Amino acid sequence: MSTPCPPPPPPQPSLQPNSPKGDLPPSVFTLPRTAQLEALFTIIRDKDTPRGDFIFYSDRIIRLLVEEGLNHLPVITKTVVTPTGSTYEGVGFEGKICGVSILRAGEAMEAGLREVCRSVRIGKILIQRDEETALPKLFYSKFPPDIARRYVLLLDPMLATGGSAMKAIQVLKENQVPEERIIFINLIASPEGLKTFCGTHPLVKVITGWIDQGLNEKAFIIPGLGDFGERRYCE
Amino acid sequence: MSTTLSRTVSMSRKDLGLREKDEELSVQSKKNTVLVSHGRPPWYGLDGTRINDAFVIGVAGGSASGKTHVARQIVKNLGFIPTVIILSQDSFYKRLDEEQSKLAHANQFDFDHPSAIDMPMFAACLADLKACKQSNIPIYSFAQHQRLEETQYLYGAAIIIAEGIMALQDPQLRELYDLKVFVQCDSDLMLARRISRDVEQRGRDVSGILEQYLRYVKPSFDNFVRPSAAYADIIVPGISNSVAIDLICTHVRQKLQERSNAFRPQMAIPKSHLLSQNPIPIEQLGLNILPSTRQTEGIFTILRDRDASHQDFIFFIDRLSTTLVEYALQFLPYLPHTVTTPVGAETEGKKVTCRYVCGVSIQRSGCVLERGFRRVINDVPMGTLLIQSNETNAEPLLLHAKLPLYIRLRHVAKETYVFLLDAQIGTGAAAFMSIRILLDHGVPQDHIVFVCFLVARKGGINILRKAFPHVKIVCGSVDNEMREGRLDGREGRKVWVMYPGMGQIGDRYYL
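Residues numbered from 1 in each chain as written. Chains lettered and ligands numbered in written order. Predicted model: local features only at pLDDT ≥ 70, side-chain atom pairs only at ≥ 80, totals over all residues. Heavy atoms only, no water.

- In the annotation of an unreviewed UniProt entry, chain B is listed under the name uridine/cytidine kinase and assigned to Marasmius oreades.
- UniProt, in its Pathway (unreviewed entry) section for chain B, records the words "Pyrimidine metabolism; UMP biosynthesis via salvage pathway; UMP from uridine: step 1/1." (UniProt positions renumbered as here; feature names shortened; annotations may be inferred.)

- Looking at an unreviewed UniProt entry, one finds chain A named uracil phosphoribosyltransferase, with Marasmius oreades as its source organism.
- Annotation of chain A in UniProt includes, under Cofactor (unreviewed entry), the sentence "Mg(2+)".
- Regarding chain A, the relevant UniProt record gives this comment under Sequence similarities (unreviewed entry): "Belongs to the UPRTase family."

Structure follows, in structure tokens:
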């Protein structure tokens, strides 16, 4: 009864005027840059914003990002009968999903994910910098057993150098998740990080809330918002 | 600190003036009240403007002549009446300075002289109420002999009764009355009532009362009150006055009937305009429709499905309303704002610049949007309106209004942005009335954002748009038409139903 329908055009063109350079890879999608979104980011960027507000307003952005990410999942045509007895041609959701959060900051995005995707399964990855090699190293991972058959929403709030995100993609691929079924969701990305990431994993879709100016010498995003996990959990 | 429609719904239904004993206990609460019998029918026309003023009755008479009793009898006798406010002159005593206050506490201040009353304020409040606006009337404390800082909010009466010894004395007030009543009572009887009232309720001694009577009350009555009887349309005896009250009520009923006849055919929602063959083209309706994505399309499919489970329906309503309210927030004003981030970088962003934002949901189906609203705006006041349709002629009736302080205070309402929540705009009758209520309170049209899931293209939206072109309307989707029918195969009166629609959204969410 249901037939696959051609995917609608992407909800937002990938080349939003959200990048300082304006040359985004085609796999990058941003939220529309409205005054309201800018106001949300202004609140969470402000160093004087108290933790309660930081949590509330970052959750609002995360929900918008997850909603946007889900738009990249397939749908099929579906006809339903309404309570008034008329038929309605709509669409039905297709494909199972799961979330994977990169510890610890990525966990902060889980509440937002669960508000949009009820009781979604969530895997975890802990990646830390190896003190000897200075490279990201996998310390821990735990995934749903059928992750290879699911679409994966990878959660990490900040894409700075892209090191840990690329390591996470590598781990997912080792678990038989193909790149084209991974949607990487972050709040703020650096142009350098995006370039490296998309160059290495061109089929992974990247949903980002804002593309900032760049990185400082300590590899912090400028202007950024500081350490997301610290501000969300500790400060 | 207000007598709202809500508090009096239960009270008035039960007793409507029958509970005389309890009411005697508190002079203030007895005197400024809103009484509701069966809701308030539309007071505006198809173009959104007010057609009718409230009907104002002035009741004057000597102290303890029985003015309040007459006012109550009128309310009781009118029976099946719309909302009534009884407004007392006692609220409008002027602020006293320190010296006057000392005199007052020593019973040496003349409260019976017209100059003791703030007539311009009395007239201004009455004029606001007559024009169907809200009014925040002062509260006078007899214990402290002072006007209190707080005020009492009144709104939404079809009939206003203003009573007080000087109610007919001031020309500004007389201008506002549709009917002027003077309660005539024998002086001996008034004095007897006064002594018994002041001794019992105010704990005063007889000699003090008599002194005050001779010094202030009697001269005032002779010089100011009794002469004002000349302005009255009708003079009512202070006792055994049921015939006079019958006459008054017959007159009021007739006047109200004339008024409602004048506009009912125009506002006979929804038949006159629903089947209009030439609805406004959709792009000219000025709707802000949520951009369609795979996710919103999928959510609507689940919500429209009559076989959707109860859990699914609730979950996806909450998710869709969150998205809708996020989308609606673009209509708040934003200005550039620079902040410093924790890494020490300065960055220019934006900031919401309005000081007052609140939400108002239309019971019951508008409340299904509240959870989503709270996810997006967590710290603003929420108001509620209960609007039901009249069983016999489908006319909307306002049954209950509980509005946030931002809206109740007129000077704040002018700067307040209001998100009005309802599930859908079908006939548009409830949307129309709720917008009119906000405008009555002084909220500017372009500060109102109406948020709903569905709009019926051939429904009331066409007149709503013409009447209130500057109200922002945010909706999830547009359905084509309204048809007369019964929902879910229910028995009873036919209602207007949206096709293909989502059914009875409130029932599906709550029941």
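**Things to note about the interface of chain A and chain B**
Working step 1: If you look at the interface, chain A gives 48 residues, while chain B gives 51 residues.
Working step 2: In total, chain A and chain B occlude about 4200 Å² of area from one another, counting both sides; carbon and sulfur atoms represent 59% of this.
Working step 3: It is A:Pro83, A:Phe93 and A:Arg118 that lose the most area in chain A upon contact with chain B, and together they represent 16% of the buried surface on that side.
Working step 4: The interface formed by chain A and chain B contains 5 salt bridges.
Working step 5: A salt bridge links B:Arg375 to A:Glu115, with the shortest nitrogen-to-oxygen separation between them at 3.5 Å.
Working step 6: Considering only residue class, the side of chain A that touches chain B consists of 24 nonpolar, 11 polar and 13 charged. (Contact = heavy atoms within 4.5 Å. Buried area = accessible area lost by both parts, 1.4 Å probe. Salt bridge = Lys/Arg side-chain N within 4 Å of Asp/Glu carboxyl O. Nonpolar A, V, L, I, M, F, W, Y, C, P; charged D, E, K, R; others polar.)

**So, the domain arrangement of chain B**
Residues and elements named next belong to chain B.
Working step 1: Under the domain assignment used here, chain B contains domain 1 (53–258) and domain 2 (265–509).
Working step 2: Distance between the C-alpha centres of domain 1 and domain 2: 42 Å.
Working step 3: Each partner contributes residues to the interface: domain 1 has 6 residues there, and domain 2 has 8 residues.
Working step 4: Of the roughly 720 Å² buried at the junction of domain 1 and domain 2 (both faces included), carbon and sulfur atoms supply 49%. (Domains from an automatic or database assignment.)

**Section: the packing of helix α1 (residues 35–45) of chain A against helix α2 (residues 51–70) of chain A**
All names here are of chain A.
Working step 1: Contact geometry of α1 with α2 gives a least axis separation of 9 Å together with a crossing angle of 140 degrees. The angle between the axes of α1 and α2 places the two elements in the oblique class. Taken as a pair, α1 and α2 cross one another with a handedness that is left-handed. On the side of α1, the interface is formed by Gln36, Leu37, Leu40, Phe41, Ile43 and Ile44, while α2 contributes Phe54, Tyr57, Ser58, Arg60, Ile61 and Leu64. (Axes fitted to C-alpha atoms, helices over the stretch in contact; angles between N-to-C directions. Helix = DSSP H or I, 4+ residues; strand = E, 2+ residues; numbered from the N terminus. Parallel < 35°, antiparallel > 145°, perpendicular 65-115°, else oblique. Left-handed = near helix turned anticlockwise from the far one by under 90°.)

**Digging into the pairing of strand β12 (residues 356–363) of chain B**
All names here are of chain B.
Working step 1: By the criterion of burial, β12 is predominantly enclosed, with 7 of the 8 residues buried.
Working step 2: Pairing between β12 and strand β15 (residues 416–421): 6 bridges, direction parallel. Pairing of Cys358 across the sheet is with Val418, part of β15.
Working step 3: In the sheet, β12 pairs with strand β13 (residues 382–389) via 5 bridges, with the strands oriented parallel. For Val360, the partnering residue across the bridge sits in β13 and is Gly383. (Buried < 20%, exposed > 50% of the residue type's maximum accessible area, 1.4 Å probe, protein only. Pairing = 2+ DSSP bridges.)

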